[in-house]
Amino acid sequence: GQQVMQIPQYQHVQEGEDFTTYCNSSTTLSNIQWYKQRPGGHPVFLIQLVKSGEVKKQKRLTFQFGEAKKNSSLHITATQTTDVGTYFCADMIKAAGNKLTFGGGTRVLVKP
Amino acid sequence: EAGVVQSPRYKIIEKKQPVAFWCNPISGHNTLYWYLQNLGQGPELLIRYENEEAVDDSQLPKDRFSAERLKGVDSTLKIQPAELGDSAVYLCASSLEADTEAFFGQGTRLTVV
């Protein structure tokens, strides 16, 4: 069945540095959504990517959808302590009735 | 505008007891989800509603779990009887349509002892 794999599972980042987290799917995605969950909080929507090769930016966050629509990435520049949390990608396949399936997440820890 | 409201926030019950969670989605949102989240893992879909119809309940353990959304607005999720392994956070989310962003509630943290 459909699986969404996120790597790395943990990301320890020095404040001010950049990092990238990846989301890979075994099948072609209709679209992909990214969410952020702060410690003790609930997932909060960040962005949705729909088109092949699409790139969207939100301040220091850059989201990209792969050309084959089987992977996505989130790149954060100049990491800040406010970036702490778990970043989830969630795939949605229209052929499966728009089922929103989450990956395991990348837990980001920032060292000041 | 109020977000997705869930109650209770916390629940501690003994195993074999029943428990129920309530969710009030954002007004006008047709799609409602119930997810289960274990510590350190991503949310796992239990059931999805389009209005009052359960369109995906393939991952709902139907021997002990049940859900309803009778009027297509608020929803309840029930577990009877609860087992130790049911301890987790139960998240409700809603979206305007099935392929739009999902808004999550604060969740109900269930502890079965």
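Described in the following lines is the structure provided in the data block. (Residues numbered from 1 in each chain as written. Chains lettered and ligands numbered in written order. Predicted model: local features only at pLDDT ≥ 70, side-chain atom pairs only at ≥ 80, totals over all residues. Heavy atoms only, no water.)

## Some details on the overall build of chain B
Along the backbone of chain B there are zero helices and eleven strands. Across chain B, helices and strands are ordered from the amino to the carboxyl terminus as β-β-β-β-β-β-β-β-β-β-β. For chain B, whose C-alpha radius of gyration is 13 Å, the value lies close to the compact-globule estimate of 13 Å for 113 residues. Each of the three principal axes of chain B carries a C-alpha extent, and together these read 35 × 25 × 25 Å. Within chain B, the fraction of its 113 residues that count as buried is 46%. Sequence separation of at least 24 residues holds for 53% of the intrachain contacts in chain B that already meet a minimum separation of 6. In the form shown here, chain B has an accessible surface area of approximately 5,600 Å², with 50% of it arising from carbon and sulfur atoms. The distance from the centre of the 11 positive side-chain charges to the centre of the 16 negative ones in chain B is 10 Å. (Helix = DSSP H or I, 4+ residues; strand = E, 2+ residues; numbered from the N terminus. Rg over C-alpha atoms; globule rule 2.2 N^0.38 Å. Buried < 20%, exposed > 50% of the residue type's maximum accessible area, 1.4 Å probe, protein only. Contact = heavy atoms within 4.5 Å. Areas by Shrake-Rupley, 256 points an atom, 1.4 Å probe, with all protein chains shown as cover. Lys, Arg positive; Asp, Glu negative; His and termini not counted. Charge placed at Lys NZ, Arg CZ, Asp CG, Glu CD.)

## As for the interface of chain B and chain A
Taken together, the contact between chain B and chain A spans 21 residues of the former and 19 residues of the latter. For the pairing of chain B and chain A, the buried interface totals around 1,600 Å² over both sides, and the portion due to carbon and sulfur atoms is 50%. Along the contact surface separating chain B from chain A lie zero salt bridges. Joining chain B to chain A, the criterion identifies five residue pairs in polar contact (both at pLDDT 80 or more). Secondary-structure elements contributing two or more residues to the side of chain B that touches chain A are β4 (31-37) and β5 (44-50) of chain B. Looking at the side of chain B that touches chain A, the element that brings in the most residues is β4(B), giving three residues. Taken together, the residues of the side of chain B that touches chain A break down into eight nonpolar, nine polar and four charged. (Buried area = accessible area lost by both parts, 1.4 Å probe. Salt bridge = Lys/Arg side-chain N within 4 Å of Asp/Glu carboxyl O. Polar contact = N/O pair within 3.5 Å; in protein donor to acceptor, adjacent residues only side chain to side chain. Nonpolar A, V, L, I, M, F, W, Y, C, P; charged D, E, K, R; others polar.)

## Observations regarding the side chain of Thr79(A)
Within the secondary structure, Thr79(A) is located in the loop between β8 (71-76) and β9 (85-93). Non-local contacts of Thr79(A), meaning those with residues more than four positions away in its chain, are made with Val13(A), Gln14(A), Glu15(A), Gly16(A), Glu17(A), Asp18(A), Phe19(A), Arg60(A) and Val110(A).

## Some words on the packing of aromatic side chains
Evaluation of the coordinates by the stated rule reveals ten aromatic pairs over all chains. Ring centres of Trp34(A) and Phe63(A) lie 6.3 Å apart, and the angle between their planes is 55°; on these two criteria the pair is classed as tilted. Of this pair, Trp34(A) sits in strand β4 (residues 31-37) while Phe63(A) is found in strand β7 (residues 61-65), placing the two residues 29 residues apart along the sequence. Exposure class is identical for Trp34(A) and Phe63(A). Each is buried. Taking 5.7 Å as the distance between ring centres and 40° as the angle between the ring planes, the aromatic pair formed by Tyr35(B) and Phe104(B) counts as tilted. Highlighted residues: Tyr35(B) in strand β4 and Phe104(B) in strand β10 (residues 103-104), separated in sequence by 69 residues. Of the two residues, Tyr35(B) and Phe104(B), both sit in the buried class. (Phe/Tyr/Trp six-rings, centres within 6.5 Å; stacked < 30°, edge-to-face > 60°.)

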